[in-house]
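Breakdown of the fold
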Amino acid sequence: MGLFGRKKDNGPILREQVAELHWDIDDPFLFVSHHFDKYPVGNERQAPPYEDVRRKDIGQDYYKLFGYRMYTGKVSPGFVHHPHWGYETITLVSKGYVDHFDSLGNQGRYGYGDVQWVSAGSRYHHCEMYPLVHQDRENPQLVTQIMLNLPLKDKNSPVEVTTIWKEDLCTVEKDGCLVTILAGEFEGTRATVPNKVSWAADPAHHVRIMKVDMPTGATFTLAPTEAASRNIYITEGKATVCEKEFQEGTRLKLKPECEVTVTMGEVASELWVLEGDPIGEKQTMWGPVVLGSTAEVRKANDEIRSKEMENWPWEFTNQKQPLGTERFYRSADGTESRPRMKNDGE
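Attention in this report is confined to the structure presented alongside it. Along every chain, residues carry numbers that run from 1 in the direction the sequence is written. Only residues with pLDDT of at least 70 get local features here, since the model is predicted, and only at 80 or more are side-chain atom pairs given and counted; chain-wide, interface and lining totals rely on the full set of residues. Side-chain numbers here rest on the full set of heavy atoms in the structure, without hydrogens or water.

1. Let's talk about the overall build of the chain
- Working definition: helices are DSSP H or I runs of at least four residues, strands are E runs of at least two. Numbering for both runs from the N terminus. When you go through the chain residue by residue, the secondary structure sums to two helices and 26 strands.
- For the radius of gyration, the atom set is restricted to C-alpha positions; the globular benchmark scales as 2.2 Å times the number of residues to the power 0.38. The globule rule puts the C-alpha radius of gyration for 346 residues at 20 Å, and the 20 Å found for the chain is close to it.
- In terms of principal-axis extent, the alpha carbons of the chain reach across some 70 × 50 × 40 Å.
- Note on classification: 1.4 Å probe, protein chains only; a residue is buried when its accessible area is under 20% of the maximum for its type, exposed when over 50%, partly exposed between these limits. Burial analysis of the chain (346 residues in total) assigns 55% to the buried set.
- We call two residues in contact when some of their heavy atoms are within 4.5 Å. Residue pairs in contact within the chain that sit at least 24 positions apart in sequence constitute 73% of those at least 6 positions apart.
- Of the roughly 16,100 Å² of accessible surface on the chain, a fraction of 49% belongs to carbon and sulfur atoms.
- For the purpose of counting charges, residues Lys and Arg are taken to be positive, whereas Asp and Glu are taken to be negative. His and the chain ends are not included. The atoms used to mark charge sites are NZ of Lys, CZ of Arg, CG of Asp and CD of Glu. Separation of charge centres in the chain, based on 41 positive and 52 negative side chains, amounts to 3 Å. Surface accessibility in these figures is a Shrake-Rupley result with a 1.4 Å probe; residues are shielded only by whichever protein chains are displayed.

2. Things to note about the sheet that holds strand β9 (residues 124-129)
- Here the rule is simple: two strands pair whenever DSSP picks up at least two bridges between them. Strand order in the open sheet made by the six strands is β4-β9-β6-β7-β25-β26, with antiparallel pairing throughout. Each edge of the open sheet is held by one strand with a lone partner, namely β4 (78-84) and β26 (336-337).
- With two bridges joining them, strand β25 (residues 328-330) and β26 adopt antiparallel strand pairing. The partner of Tyr 329 across the bridge, within β26, is Ser 337.

3. A closer look at the sheet that holds strand β11 (residues 160-164)
- Taken together, the six strands give an open sheet; going across it, the order is β2-β3-β10-β5-β8-β11, and neighbouring strands pair in antiparallel fashion. Looking at strand neighbours, the two that pair on one side only are β2 (22-23) and β11, the edges of this open sheet.
- Two strands pair when backbone bridges link them, and strand β5 (residues 87-95) and strand β10 (residues 139-149) are joined in this way by eight bridges, in the antiparallel orientation. Paired with Ile 90 across the two strands is Ile 146, which belongs to β10.

4. Brief notes about the packing of aromatic side chains
- Stacked, tilted and edge-to-face pairs are distinguished by plane angle, under 30 degrees for stacked and over 60 for edge-to-face with tilted covering the rest, among Phe, Tyr and Trp rings (Trp via its six-membered ring) whose centres lie within 6.5 Å. Tallying each qualifying case throughout the model produces nine aromatic pairs.
- Considering the side-chain rings of Trp 23 and Tyr 233, the 4.4 Å spacing of their centres and the 10° angle between planes classify their relative orientation as stacked. Of this pair, Trp 23 sits in strand β2 while Tyr 233 sits in strand β17 (residues 229-234), and the two are 210 residues apart along the sequence. The pair Trp 23 / Tyr 233 is uniform in exposure class, with both members buried.

5. A look at the pairing of β9
- Of all six residues in β9, six are buried, a share of seventy percent or more.
- The alternating pattern of β9 places Tyr 124, His 126 and Glu 128 and His 125, Cys 127 and Met 129 on opposite faces, both of which are buried.
- Of the pairings in the sheet, the one linking β4 to β9 comprises five bridges and is antiparallel in character. When the bridges of β9 are listed, Phe 79 appears paired with Glu 128.

What follows is the structure, encoded as structure tokens:
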């Protein structure tokens with residue numbers, strides 16, 4: 001092969017990219033939101049001090065003034081009533097709590113390692129507020145939310161909502177690291193995807209979602225995978241991947257057929273691993289809707305605007321649980337689930 005016909009081999013790393021609040025990703029994923037905020041001591045409204053909040057862009061605050069964001073919240077931080085249509089959200093709360101209310105009549109509070117999995121094939125509205133429950137100490141919040149697409153055949157399917165308590169998640173300890181498996185298999189342990197409609201529910205799609213808690217100086221090795229794509233995300237501190245050092249807030253797109261070793265630096269961190277085969281369909285996304293065509297998306301957004309509050313059964317669009325509420329999930333039919341164990345935040 002001639003000199004100019006050679007393709008440079010950069011090893012297992014295909015792409016390096018900044019990954020801060022929002023992370024880019026490959027099909028079948030849409031994107032990831034990673035929220036880390038150092039919220040202060042809460043008051044009786046489970047909210048930050050008014051003198052801080054009034055200096056923020058209330059209702060659209062994505063700037064870390066005072067070390068935290070309010071997002072769309074006006075009293076407590078979080079995300080007030082908003083729609084989803086045509087995709088899934090997998091939310092893991094590492095620190096802090098989320099108060100959840102939705103258009104189906106479901107509600108709950110989850111956090112400190114719990115996961116919520118929402119498969120919103122059809123029009124669905126919910127609010128996700130971040131209550132500052134502690135009045136005697138600060139309220140750090142760490143939330144990672146993964147958007148996973150649905151194939152066309154599952155658009156407009158019934159909505160499925162599942163809360164999984166921390167102690168019920170699949171975990172594996174390896175090389176001093178704690179691996180939490182939300183989808184897929186690792187070291188012989190396979191996580192059960194709770195919602196049947198999910199693209200991740202079929203092992204043939206090779207979807208793997210893992211959070212790896214890495215102590216200072218720990219080394220973690222990923223074996224080759226059959227998945228079509230592999231991405232890892234360094235969230236805090238520096239890490240060395242394939243003998244090169246990377247900063248916190250970095251996405252690395254990797255060759256799935258290669259073994260990859262990650263060594264954490266002087267700061268313990270969550271390492272996220274997202275793998276999967278693409279859905280590979282032409283779809284259209286606009287705002288909170290992902291459907292098959294532009295016409296469908298326009299019609300769906302018109303319906304969202306005209307029926308925004310039609311099925312909202314709650315008094316407020318920023319509904320929160322009362323102060324002192326422990327973790328629970330209650331479906332619209334009154335069925336209730338509570339964790340067997342307390343966690344670090346209670």
